[in-house]
Amino acid sequence: MKKIVVRFLILVTVSLFTSCEKYLDKAPDELLSLEVTFANRQYTENFLYRIYAYLPSYNFWTDLPYNGLADDTDITWNRSNYPSYDMNLGNWNPTTGLVTNLWKNYYQSFRQIAIFLDNVDKAPISTQNKTLYKAEAKFLRAYYYMNLVQLYGPVPLILDQVSFEASTFNIPRNTFDECLTQILKDLDEAATDLPLKHENIWAGKPTKGTALAMKARILLWAASPLVNGNPDLAGLVNRDGKALFPTAYNKERWQLAKAASKAVIDLGIYNLYTVLDDKGAVNPLASYKGLFISQYANEEMIWGRNLDGGNSLVLDRHCMLRSKGGWNGVAVTQKSVDEYEMANGKAITEAGSGYVETGFSQQATTYAPKGTWNMYVGREPRFYVTVNYSGAPWWDNTKAEFFYKGKDGKEVGRDDHSRTGYLLRKFIDPASDPIANRNRAKLFPYIRLADIYLMYAEASNELEGPTADAIGYVNKIRSRAGLPALASGLSQTEFRKKIQHERAIELANEQLRYFDLRRWKQASELKGSFEGMSVDLGSSATDESFFKRTTFETRVFENKHYWWPIPQSEVDKNQAMVQNPGW
């Protein structure tokens with residue numbers, strides 16, 4: 001029974017959040033008293049499993065907007081429950097539902113975690129399992145606070161069973177460093193007691209490596225320009241004048257991030273996922289593709305959300321071609337297409353790259369058939385895994401048609417059409433069949449080893465420049481991708497740009513880009529004209545009028561958007577709460 005319950009609750013989609021809110025909003029004796037709950041093993045475990053319901057969703061079109069807010073993705077629909085559309089136009093504020101609901105959900109989880117930690121020792125559960133469950137609860141608290149801090153900045157730390165039902169209260173925001181200290185404390189304690197690995201049935205639960213990886217992620221955030229001595233935040237203080245962010249740059253923060261990343265690597269249990277060809281060489285396309293559909297046999301995934309076949313199909317259907325039963329819902333931007341290197345490792349703007357913008361190819365290449373628009377010919381393997389372009393071959397040898405009159409185009413799709421003339425292909429399982437309602441389970445990545453390698457390289461570079469050690473970890477990723485090693489003699493600035501580029505490609509559409517661009521203070525990448533192909537034109541696959549760059553949206557990103565607003569309802573109730581700048 002325990003396995004059935006945990007699989008249901010760990011795999012739960014955001015639809016459970018509503019029922020979970022109802023549970024949390026009630027006093028314990030309205031459902032089960034704490035005495036009854038923690039006198040029963042199953043009830044106690046169920047109480048913990050409910051807290052997993054607050055994990056971030058794989059649904060990045062309606063539930064979480066992070067992909068749609070980044071510069072590499074566009075979510076097709078302009079509807080009230082698809083938040084990235086309005087947010088990209090600057091149409092959001094402290095009363096926006098998503099802003100309020102995320103805050104509310106996480107603080108509900110903190111109360112439940114406090115109740116659990118205060119009572120689990122009373123339960124008829126083995127000492128070993130009590131220790132494990134406490135570690136899971138502490139990890140979840142740390143992870144949820146990480147998410148809050150990365151969105152809203154410093155927040156009130158609530159570690160006890162505080163009720164927020166009073167009409168007014170006075171709980172000031174803790175400083176960023178206070179939040180960081182508590183997050184690290186919980187992660188360190190969790191890492192001590194979490195196992196190195198779980199059985200496949202428990203995939204989706206955190207491990208020691210998960211806790212250490214999240215420690216590296218939050219320390220990298222703390223070292224980055226948005227937080228580390230950012231002069232724009234000097235004026236953000238509590239009502240008593242206490243500064244909420246560090247006011248001086250601290251290079252030592254990079255050392256902490258570097259050490260934390262290396263601790264994950266040194267566990268020695270993770271490896272880049274690779275598939276070998278019949279000659280024993282790494283197949284870059286199969287390796288990168290297999291990473292996202294390999295289910296449990298994957299040593300690169302440090303932690304992910306375990307999607308059963310049904311939820312996996314939901315993800316695939318949103319990304320898939322209209323002609324294959326999909327909804328044309330998750331598009332890739334032209335900016336992202338242009339970011340991918342050529343197969344020779346050169347940028348498309350670089351001399352000797354071989355890039356051609358126009359015309360159709362006269363011969364087949366490794367990954368692109370004859371007659372492909374030249375813009376898409378001769379690119380690196382990750383491009384063909386990630387991007388569906390007009391003319392891209394599907395697994396049944398048919399081709400995508402995003403031009404206006406094409407079977408995946410605007411005339412047929414109407415509301416369900418890609419505004420950019422591209423779709424995201426990365427997560428789609430070749431076995432997926434929305435028409436037959438069939439798919440397989442898979443892990444949606446939260447964090448993986450390639451991310452850790454790039455964290456380590458970034459922290460190393462900021463600390464001491466481009467060392468051979470740091471460059472080596474980037475080259476491991478490039479080698480798996482079938483690309484040549486980075487050139488020698490890079491400056492610190494040049495290597496920084498290479499790392500940022502590699503994160504943009506390797507981790508594309510994994511809900512990280514939005515956070516990266518913010519922590520690097522690169523708002524210019526998130527605003528202005530965004531382009532795709534001319535989806536209102538084209539009557540055939542060879543109609544060149546479709547293959548013209550055209551603006552599909554002009555996005556807004558003001559300085560205030562670096563931090564989400566504190567929900568207005570919280571500011572109104574909490575007399576000690578100060579709002580973020582500009583809101």
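What you see is a predicted model, and the numbers here were worked out from it, not measured in a lab.

Cut-off values and rules
Residues numbered from 1 in each chain as written. Predicted model: local features only at pLDDT ≥ 70, side-chain atom pairs only at ≥ 80, totals over all residues. Heavy atoms only, no water. Helix = DSSP H or I, 4+ residues; strand = E, 2+ residues; numbered from the N terminus. Rg over C-alpha atoms; globule rule 2.2 N^0.38 Å. Buried < 20%, exposed > 50% of the residue type's maximum accessible area, 1.4 Å probe, protein only. Lys, Arg positive; Asp, Glu negative; His and termini not counted. Charge placed at Lys NZ, Arg CZ, Asp CG, Glu CD. Contact = heavy atoms within 4.5 Å. Patch = residues over 30% accessible without salt bridge, like charges linked within 9 Å, V, L, I, M, F, W, Y side chains within 5 Å. Areas by Shrake-Rupley, 256 points an atom, 1.4 Å probe, with all protein chains shown as cover. Salt bridge = Lys/Arg side-chain N within 4 Å of Asp/Glu carboxyl O. Polar contact = N/O pair within 3.5 Å; in protein donor to acceptor, adjacent residues only side chain to side chain. Axes fitted to C-alpha atoms, helices over the stretch in contact; angles between N-to-C directions. Parallel < 35°, antiparallel > 145°, perpendicular 65-115°, else oblique. Left-handed = near helix turned anticlockwise from the far one by under 90°. Nonpolar A, V, L, I, M, F, W, Y, C, P; charged D, E, K, R; others polar. Phe/Tyr/Trp six-rings, centres within 6.5 Å; stacked < 30°, edge-to-face > 60°. Pairing = 2+ DSSP bridges. pLDDT = per-residue confidence, 0-100. Core = buried A, V, L, I, M, F, W, Y, C linked by side-chain atoms within 4.5 Å. Expected span 1.5 Å × (residues − 1).

A. Examining the overall build of the protein chain more closely. Per the secondary structure count, the protein chain includes 21 helices and eight strands. Against the compact-globule benchmark of 25 Å for 583 residues, the protein chain has a radius of gyration of 24 Å, which places it among compact chains. Of all 583 residues assigned to the protein chain, the portion counted as buried reaches 59%. Counting 68 positive and 66 negative side-chain charges, the protein chain places the centres of these two groups 2 Å from one another.

B. Spatial organisation of the environment of Leu443. Looking at the secondary structure, you find Leu443 in strand β6 (residues 442–448). By relative accessible area, which is 13% here, Leu443 ends up buried. Residues Leu443 and Arg305, 138 residues apart in the sequence, show an inter-C-alpha distance of 5.3 Å. Those residues within four positions of Leu443 in sequence are excluded, and the remaining contacts are Ala203, Phe292, Gln295, Met301, Gly304, Arg305 and Asn306.

C. Fine view of a nonpolar patch on the surface. Taken together, the side chains of Leu32, Val36 and Tyr43 define a hydrophobic patch exposed on the protein surface, amounting to about 240 Å² of accessible area. The partly exposed category is assigned to Val36, whose relative accessible area is 40%.

D. Highlighting the pattern of salt bridges. Going through the model one piece at a time under the given rule, you end up with 48 salt bridges. Between Glu300 and Arg448 there is a salt bridge, with its nearest N and O atoms 2.7 Å apart. Residue Glu300 is found in the loop between α12 (284–291) and β2 (301–307), and its partner Arg448 is found in strand β6; the two are separated by 148 residues along the sequence. This pair shows no difference in class: Glu300 is buried, exactly as Arg448 is.

E. α12, seen in detail. For α12, the buried fraction is high: six of the eight residues fall into the buried class. Residues of α12 that are buried include every one of Pro284, Ser287, Tyr288, Lys289, Gly290 and Leu291, and no others. On its buried face, α12 is in contact with β2, α15 (381–386), β6, α18 (468–480) and α19 (492–506).

F. Representation of unusual backbone geometry in the model. One non-glycine residue, Asn397, lies in positive phi territory at about 75°. Within the element layout of this structure, Asn397 appears in the loop between β4 (387–389) and α16 (410–413). Residue classification places Asn397 among the exposed residues on the basis of a relative accessible area of 68%.

G. Quick peek at the side chain of Glu510. As for its placement among the helices and strands, Glu510 is situated in the loop between α19 and α20 (513–519). According to the relative accessible area criterion, Glu510 is buried, its value standing at 5%. Looking at Glu510, its side chain comes within polar contact range of the side chain of Lys426, at 2.8 Å. Among all residues touching Glu510, those that are not within four sequence positions of it are Asn67, Tyr288, Phe292, Lys426, Phe427, Pro445 and Arg448.

H. A look at the packing of helix α9 (residues 176–193) against helix α10 (residues 208–223). Packing of α9 against α10 leaves a shortest axis separation of 8 Å and a crossing angle of 165°. The angle between α9 and α10 places the two elements in the roughly antiparallel class. Between α9 and α10 lies a crossing of left-handed hand. Note on element contacts: α10 touches α9 through Lys208, Ala211, Leu212, Met214, Lys215, Ile218, Leu219, Trp221 and Ala222, opposite Phe176, Leu180, Ile183, Leu184, Leu187, Asp188 and Ala191. Split into classes, the residues belonging to the contact of α9 with α10 amount to 13 nonpolar, no polar and three charged.

I. Expanded view of the packing of aromatic side chains. Counted under the stated rule, the structure contains 48 aromatic pairs. Seen in terms of ring centroids, Trp221 and Phe515 are 6.4 Å apart; in terms of plane orientation they differ by 65°. Their pairing is edge-to-face. Of the two residues, Trp221 is situated in helix α10 and Phe515 in helix α20; the sequence distance between them amounts to 294 residues. Look at Trp221 and you get buried, because its relative accessible area is 2%. With a relative accessible area of 9%, Phe515 lands in the buried category. Ring plane angle 80° and centroid distance 5.1 Å describe the contact between Phe557 and Tyr562, whose orientation is recorded as edge-to-face.

J. Here's a closer look at the pairing of β2. Most of β2 is tucked away: seven of the seven residues are buried. Sheet analysis places β2 next to β6, joined by six bridges and oriented antiparallel. Along β6, the bridge assignment pairs Arg305 with Phe444.

K. Quick peek at the confidence of the model for the protein chain. Mean pLDDT over the protein chain: 92, with 94% of residues reaching 70 or higher. Counting interchain partners and residues more than four positions distant, the pLDDT-below-50 stretch residues 1–30 has 65 contacts.

L. Quick peek at the nonpolar core. One finds Phe116, Phe139, Tyr144, Tyr152, Ile452 and Trp564 to be the most contacted residues of the largest nonpolar core, which totals 121 residues. In terms of residue count, helix α8 (residues 127–152) provides more of this core than any other element does, 15 residues in total. Aside from chain neighbours lying at most four places away, what touches Tyr152 is Leu98, Val99, Leu102, Trp103, Arg173, Trp563, Trp564, Pro565, Ile566, Pro567 and Asn580.

M. How the structure looks around the environment of Glu458. Topologically, Glu458 is positioned in helix α17 (residues 449–464). Glu458 sits 318 residues away from Leu140 along the chain, and the two C-alpha atoms are 26 Å apart. Discounting residues that sit within four places of it in the chain, Glu458 has contacts with Leu220, Ser224, Trp254, Ile499, Arg503, Arg519 and Trp520.

N. Representation of α19 in the model. The first and last C-alpha atoms of α19 sit 21 Å apart over 15 residues, in line with the 21 Å expected at 1.5 Å per residue. Those residues of α19 that fall on the buried side of the exposure criterion are Phe495, Ile499, Gln500, His501, Glu502, Arg503, Ala504, Ile505 and Glu506.

O. Representation of the packing of α10 against helix α11 (residues 252–265). Following both chains from N to C, one finds α10 and α11 inclined at 160°, their axes separated by 8 Å at the closest point. Taken together, α10 and α11 sit at an angle that is classed as roughly antiparallel. As for the relative orientation of α10 and α11, their crossing is left-handed in sense. From α10, Leu212, Ala213, Lys215, Ala216, Leu219, Leu220, Ala222 and Ala223 reach across to α11, where they touch Arg253, Trp254, Leu256, Ala257, Ala260, Ser261, Ala263 and Val264. Class assignment for the residues of the contact of α10 with α11 results in 13 nonpolar, one polar and two charged.

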